[in-house]
Amino acid sequence: MNRCLLVTGGAGFIGSNFVHYWCQHYPENRVVVLDALTYAGNRANLAKLEERENFRFVRGDICDRSLVEQLLQSENIDTIAHFAAESHVDRSILEPGAFVKTNVVGTYTLLEAFRQHWQINSKPAHYRFLHVSTDEVYGSLGPDDPAFSETTPYAPNSPYSASKAGSDHLVRAYYHTYKLPTIITNCSNNYGPYQFPEKLIPLTCINILMGKPLPVYGDGKNVRDWLYVGDHCSALDAVIHRGIPGETYNIGGNNEVENINLVRMICQLMDELAPSNLPVRPAENLITFVKDRPGHDRRYAINATKIKTQLGWTPSVTLSEGLRLTAKWYLNHHRWWQPLLSPDYQDYYQKNYIFS
Ligand code: NAD
Ligand code: DAU
């Protein structure tokens, strides 16, 4: 089928990886990116695609109903891949308002516009609204708890995860009430190229390259389940093509690691990959324990059995391969990340971290 996609948040980390993935695998499909270019959005992430006939970038806000309606109609969109969000937990603790606006009101605005568009076009069966969400909506696990499944009750703990949970509930309700063909995915922590420097893995890579302290929250024993971003994209491909409307699919890498061990792995990789130009060697000497994140979830883990058995998806990149690819990418893309360490970013950094 020749789909026409509206990708919201397509200039961000996962969204831009997804757009590259989609244009490579389905060059006949049209892809329209709608992105507000907040601090986390970067048009340069899509630079290689700008010349393509089948590609269009629109700068705009998902809360702008008339813009969304006009794009759905004029581009004859049949599939929304919805990535746009405020995505950083620490920023949601400092300033939650933008999270409620974009994640809840923005998702509502897209749903309403898409419902109208779907109804006007006589409810085509192939239309899809893919809502890209997070495992954080399920809350925090103890060390021996089973991994999150699609039936785990929601228990979001941060303003970020609460706003994502709110958006998930709206998406679910639009299927239940109107039969709008929505699908929700809840994914674990992603890493890879084009991730904004504020997140743990890029922050660690970049700070090693600059010889700056590597802040580790609390005792460093919080656990995350890491997935290479390319594998997330292939999972979303499976969900768009074979997922069942009204269903939820958990996506995860089966790679649970304590933060401190992950940071040590990156240090060792950087020591190996950049032996001559690290300001501090071994990089582990930069590790600095800092004041914990308020309400810090202890452990996330995803049970991805459903997507494996029902849609035939499994991740293909191991954690050690993915970390090596990612460390090399940051090592070779100074020109991408250096401008992102702007005065605004420094201001956020000052506010967020307490180095005792
Ligand atoms: P990101 O912060 O890197 O990118 C978000 C993008 O959305 C940016 O390009 C930004 O400009 C855009 N945006 C923000 N507000 C907007 C608005 N009002 N209108 C239009 N565009 C707007 O985020 P990411 O890490 O790529 O995450 C993408 C999605 O995946 C989010 O919905 C997030 O909740 C979800 N997710 C992320 C992870 C992860 O580990 N990063 C894991 C699971 C799920
Ligand atoms: O689980 C999926 C979620 O993963 C996504 O929904 C979010 O959008 C994404 O940001 C990510 O959330 P986390 O809070 O888990 O990611 P972050 O990279 O911020 O932190 C990963 C872990 O590392 C977490 O336990 C906090 C810790 N950490 C993070 C930073 C930035 C540190 O110890 N030091 C740091 O400086």
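Placed above this text is the structure.
So, a few notes on the structure that sits alongside this text. The model shown is predicted, which means the values in this text are computed figures rather than measured ones.

### Quick word on the side chain of His232
Part 1 of the reasoning: Locating His232 in the fold gives a position in helix H7 (residues 229-242).
Part 2 of the reasoning: Classification of His232 as buried rests on a relative accessible area of 1%.
Part 3 of the reasoning: Setting aside residues no more than four positions away along its own chain, His232 makes contact with Ile14, Val132, Cys187, Asn190, Leu227 and Ile251.

### Remarks on the pairing of strand E8 (residues 214-217)
Part 1 of the reasoning: Of the two faces of E8, both are covered, the one formed by Leu214 and Val216 as well as the one formed by Pro215 and Tyr217.
Part 2 of the reasoning: With four bridges joining them, E8 and strand E12 (residues 287-290) adopt parallel strand pairing. Counted as the bridge partner of Val216 is Phe289 from E12.

### Section: the sheet that holds strand E10 (residues 248-251)
Part 1 of the reasoning: Strand order in this open sheet of seven strands is E3-E2-E1-E4-E5-E6-E10, and the pairing throughout is parallel. Two strands close off the open sheet at either side, each with one partner strand: strand E3 (55-59) and E10. Averaged over all neighbouring strand pairs, the angle between strand axes comes to 20°, with direction disregarded.
Part 2 of the reasoning: The sheet contact formed by strand E2 (residues 30-35) and E3 spans five bridges and is parallel. Following the sheet pairing, Leu34 is matched in E3 by Val58.
Part 3 of the reasoning: In this fold helix H4 (residues 97-120) packs onto strand E1 (4-8), strand E4 (79-82), strand E5 (128-134) and strand E6 (182-187), with an angle of close to 165° to the strand it touches most, E5.
Part 4 of the reasoning: Its contacts with the sheet put helix H5 (residues 159-178) on E5 and E6, and the angle it makes with E5 is roughly 155°.

### Points about the site of ligand 2
Part 1 of the reasoning: The local shell around ligand 2 holds 23 residues, among which Thr134, Asp135, Tyr160, Arg293 and Tyr353 are the closest.
Part 2 of the reasoning: Arg293 places a polar side-chain atom, nitrogen or oxygen, 2.6 Å from an oxygen atom of ligand 2.
Part 3 of the reasoning: For ligand 2, whose accessible area on its own is 680 Å², the fraction buried by protein is 95%.
Part 4 of the reasoning: For the shell around ligand 2, a count of residues per class yields nine nonpolar, eight polar and six charged.

### So, the sheet that holds strand E11 (residues 256-258)
Part 1 of the reasoning: Strands sit in the order E7-E9-E11 across an open sheet of three strands; the sheet is mixed. Across the chains shown, the open sheet's two edge strands, defined by having one partner strand only, are strand E7 (189-191) and E11. When strand polarity is set aside, the average angle formed by the axes of neighbouring strands in this sheet is 50°.
Part 2 of the reasoning: Pairing of E7 with strand E9 (residues 223-228), which is carried by three bridges, proceeds in the parallel orientation. For Tyr191, the partnering residue across the bridge sits in E9 and is Tyr228.
Part 3 of the reasoning: Sheet contacts for helix H8 (residues 259-273): E9 and E11; angle to E11, the most-contacted strand, approximately 90°.

Calculation criteria
- Residues numbered from 1 in each chain as written.
- Chains lettered and ligands numbered in written order.
- Predicted model: local features only at pLDDT ≥ 70, side-chain atom pairs only at ≥ 80, totals over all residues.
- Heavy atoms only, no water.
- Helix = DSSP H or I, 4+ residues; strand = E, 2+ residues; numbered from the N terminus.
- Buried < 20%, exposed > 50% of the residue type's maximum accessible area, 1.4 Å probe, protein only.
- Contact = heavy atoms within 4.5 Å.
- Pairing = 2+ DSSP bridges.
- Axes fitted to C-alpha atoms, helices over the stretch in contact; angles between N-to-C directions.
- Near = heavy atom within 4 Å.
- Polar contact = N/O pair within 3.5 Å; in protein donor to acceptor, adjacent residues only side chain to side chain.
- Areas by Shrake-Rupley, 256 points an atom, 1.4 Å probe, with all protein chains shown as cover.
- Nonpolar A, V, L, I, M, F, W, Y, C, P; charged D, E, K, R; others polar.

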